[in-house]
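Read off the chains here:
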Amino acid sequence: MDDDATVSAADIARLAGVGRAAVSNWRRRYPDFPQPVGGTASSPLFGLSAVAAWFAARGKPFELSEGERAWQRLRALGDDLDLAERVSRAGVFFAFQAGLVDTFDRELDDPELLTLLSEMTHRAGPVEAFELLCRRYFEAHSRRLSATPEPIAELMARLVGPVSTILDPACGFGALALASGAKAVLGQDSDAMTASIAGLRLKLRGIEAEVHPVDALREDAFAGRTAEAVLCDPPFNERAWGHDELVGDERWEYGLPPRGEPELAWVQHCLAHVEPGGAVAILMPGAAAGRRSGKRIRGNLLRAGAVRAVVTLPPAGPDLWLLRRPVPGERPPSTVLLGEAGDELSTVDEMWREFRAHPESGARIIDLLDDDVDLTPAHRRTSDEDPGQAFEAVRGRFAELVPELPPLEAADGEPAFTTIGELVKAGVVEVRHAAARADAEHPLAEAGDVVASVTGIAYVHSGPAGPVGAGLTVYRVDPGRLDADFLAGCLRAADLPAASASTRIDSRRVRVPRVPIAVQREHGRVFRDLASFDAVLRQAAETGRELVRLGFAGLVEGRLRPGR
């Protein structure tokens, strides 16, 4: 085993088949647990040999397969900044073993690593072997990498239908291309190693892939070429996308994209590369549907019949735009689908099938061609409804929303208090702060962690592990000594919104009642109820404002009259 190989706490948890909280507990409970040999205080790295020996001495399970050993060896061969290049070279080695290339990069000629890669190929095959290394790479750099979630990639592929060839001008690591099931793929990505890994993932599956490592807007590698469908998850809000150098580009059939509308440049790039009658599925930020600077292009897209649907995906975005390149001489459609997916992606399939079967159910394009040309689905919720009927429907929802306050009563005395800082020193809770910059590495939140902000919001994370947003703080508790809901309630009670914009609250000074864990859990339950009460109260307030708006509109239009 390579003595230089290191593992993170997440790696140890995966190899031991436990959660990360268990690794934190072992570090606190066992003085002989291996000390970090690198990394940072919030993301320490441990020597793999020392960790494996520690587990072996205690008879604890610690599975280190050929794939895991190969991954750790690959990481140990150089700096993490060059890890993508080494993963790509490993992919070339797998392609060499599969007979897809004649040679491989001898810079990867490390005898121990090549032996492990050969064993991986023999045991799992080159495709699964390379996918394992790719997964480990994605996990290790999840805070810096942006990949299309697999369920969304599969949805986009379903909506464009089965096709033989696709083009993805911002292909990343190939998620959309792999989901499409296409036999041939044209791809581009501005990062050379990302494009290389995408191409290898496709070629190892026998897919004919042509992937270029250049920015698609500035350097169109497929000028004049089209595919049956285009799938795209472009970068959002990139102001330096080449506006000045691309004035007069032939792709801008629907108008020169304003400097602040790079997403509309991607839309037109996609339409320029799909066959007449072919489909485009592209993810877009919600603002792109309604920004005034883009209304002329949106209007031209609507008039031509190029936009077929704009659907907001859960939770709260992004938007999925479905487009179709107009066929010359064909009469443009008169309606477009504007919808919100709710909580389930499957509802998008249902909405799209219903709209295709009954296009008259969509929003009328002529009604959308107003001063704003706003395609925001949320703004169309009640626009086509009779104000009187809408008023009654919203009034019913409002009556159902009015919440009941959780029962509370006066208590005798006052408990003793500790602080979060003291709990940290006692090993009861770990605190990890995210940087203020959005492009920095942020700590991961796992199920059971408390996530809080300086605006007084605090909640217990219940979804899959993932990086938190800029400026947030993650509190990881020892569940046997501190209830997560109890801690979240204490943080919300700390009146964090009272801080001025220039003052950062020291969360370590937040007071926490010193009470038994059973009492904490009882309080945590009530804290959850109060948080739910607050959320419903806010929803009721929004519904109430909608009720007032519909009341005014209904009275003015004569659809409502004063009641008795």
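Residues numbered from 1 in each chain as written. Predicted model: local features only at pLDDT ≥ 70, side-chain atom pairs only at ≥ 80, totals over all residues. Heavy atoms only, no water.

1. Focus on the overall build of the protein chain
Point 1. Along its length, the protein chain carries 18 helices and 20 strands.
Point 2. The principal-axis extents of the C-alpha atoms in the protein chain amount to approximately 80 × 80 × 40 Å.
Point 3. Burial analysis of the protein chain (564 residues in total) assigns 46% to the buried set.
Point 4. The contacts of the protein chain with a sequence gap of at least 6 include a subset with a gap of at least 24, amounting to 69%.
Point 5. Taken together, the 65 basic and 83 acidic charged side chains of the protein chain have centroids lying 4 Å from each other. (Helix = DSSP H or I, 4+ residues; strand = E, 2+ residues; numbered from the N terminus. Buried < 20%, exposed > 50% of the residue type's maximum accessible area, 1.4 Å probe, protein only. Contact = heavy atoms within 4.5 Å. Lys, Arg positive; Asp, Glu negative; His and termini not counted. Charge placed at Lys NZ, Arg CZ, Asp CG, Glu CD.)

2. Remarks on the environment of Val311
Point 1. Looking at the secondary structure, you find Val311 in strand S9 (residues 307–312).
Point 2. Looking at Val311, the relative accessible area reads 2%, which means it is buried.
Point 3. Separated by 28 residues in sequence, Val311 and Gly339 have C-alpha atoms that sit 4.8 Å apart.
Point 4. The contacts of Val311, once residues within four sequence positions are left out, are Pro318, Asp319, Leu320, Leu337, Gly339, Glu340, Ala341, Val348, Met351 and Pro377.

3. Quick word on the packing of aromatic side chains
Point 1. Under the defined criterion, the tally for this structure stands at 14 aromatic pairs.
Point 2. Look at Phe33 and Phe46: their rings are 5.9 Å apart centre to centre, the planes differ by 85°, and that puts the pair in the edge-to-face class. Taken together, the positions of Phe33 in the loop between helix H2 (20–29) and strand S2 (38–39) and Phe46 in strand S3 (residues 44–47) put the pair 13 residues apart, joining distant regions of the chain. Pair check on accessibility: Phe33 and Phe46 agree, each one buried.
Point 3. Ring pairs connect the aromatic residues Trp26, Tyr30, Phe33, Phe46, Trp54 and Phe55, which therefore count as one cluster. (Phe/Tyr/Trp six-rings, centres within 6.5 Å; stacked < 30°, edge-to-face > 60°.)

4. Points about the environment of Val267
Point 1. Along the chain, Val267 falls in helix H11 (residues 262–272).
Point 2. Residue classification places Val267 among the buried residues on the basis of a relative accessible area of 0%.
Point 3. Each C-alpha atom, one on Val267 and one on Tyr254, is 9.9 Å from the other, the two residues being 13 residues apart in sequence.
Point 4. Setting aside residues no more than four positions away along its own chain, Val267 makes contact with Ile282, Met284, Leu301, Trp321 and Leu323.

5. A look at the sheet that holds strand S1 (residues 6–8)
Point 1. Taken together, the three strands give an open sheet; going across it, the order is S1-S3-S2, and neighbouring strands pair in antiparallel fashion. Each edge of the open sheet is held by one strand with a lone partner, namely S1 and S2.
Point 2. Bridge count for S1 against S3 is three bridges, and the pairing is antiparallel. From the neighbouring strand, Ser8 faces S3, where its bridge partner is Leu45.
Point 3. In this fold helix H1 (residues 9–16) packs onto S1 and S3, with an angle of close to 90° to the strand it touches most, S1. (Pairing = 2+ DSSP bridges. Axes fitted to C-alpha atoms, helices over the stretch in contact; angles between N-to-C directions.)

6. Side note on the nonpolar core
Point 1. If you look at the biggest cluster of nonpolar residues, it comprises 40 residues, and the most contacted ones within it are Ile282, Leu301, Trp321 and Leu375.
Point 2. Residue contributions to this core peak at six residues, all from H11.
Point 3. Sequence-distant contacts of Leu301, that is, excluding residues within four places in its chain, are made with Tyr254, Val267, Leu271, Ala306, Val307 and Trp321.
Point 4. The next biggest cluster of nonpolar side chains, apart from the first, holds 30 residues, and it includes Ala153, Met156, Ala182 and Val185. (Core = buried A, V, L, I, M, F, W, Y, C linked by side-chain atoms within 4.5 Å.)

7. With respect to the packing of helix H4 (residues 66–76) against helix H7 (residues 126–140)
Point 1. With their axes 10 Å apart at the nearest point, H4 and H7 run at an angle of 55° to one another. Classified by the angle their axes make, H4 and H7 are oblique. Where H4 crosses over H7, the handedness of that crossing is right-handed. For the pair H4 and H7, contact is made by Gly67, Glu68, Trp71, Leu74 and Arg75 and by Leu132, Leu133, Arg136, Tyr137 and Ala140, respectively.
Point 2. In the contact of H4 with H7, the residues fall into six nonpolar, one polar and three charged. (Parallel < 35°, antiparallel > 145°, perpendicular 65-115°, else oblique. Left-handed = near helix turned anticlockwise from the far one by under 90°. Nonpolar A, V, L, I, M, F, W, Y, C, P; charged D, E, K, R; others polar.)

8. Considering helix H8 (residues 150–160)
Point 1. Burial in H8 covers these residues: Ile152, Ala153, Leu155, Met156, Ala157, Leu159 and Val160.
Point 2. Check the buried side of H8 and you find it contacts helix H9 (175–180), strand S7 (227–232), strand S8 (274–284), strand S10 (319–324) and helix H13 (346–357).

9. What about the environment of Ala84?
Point 1. By the element assignment, Ala84 lies in helix H5 (residues 83–97).
Point 2. In sequence terms Ala84 and Tyr137 are 53 residues apart; their C-alpha atoms lie 7.5 Å from each other.

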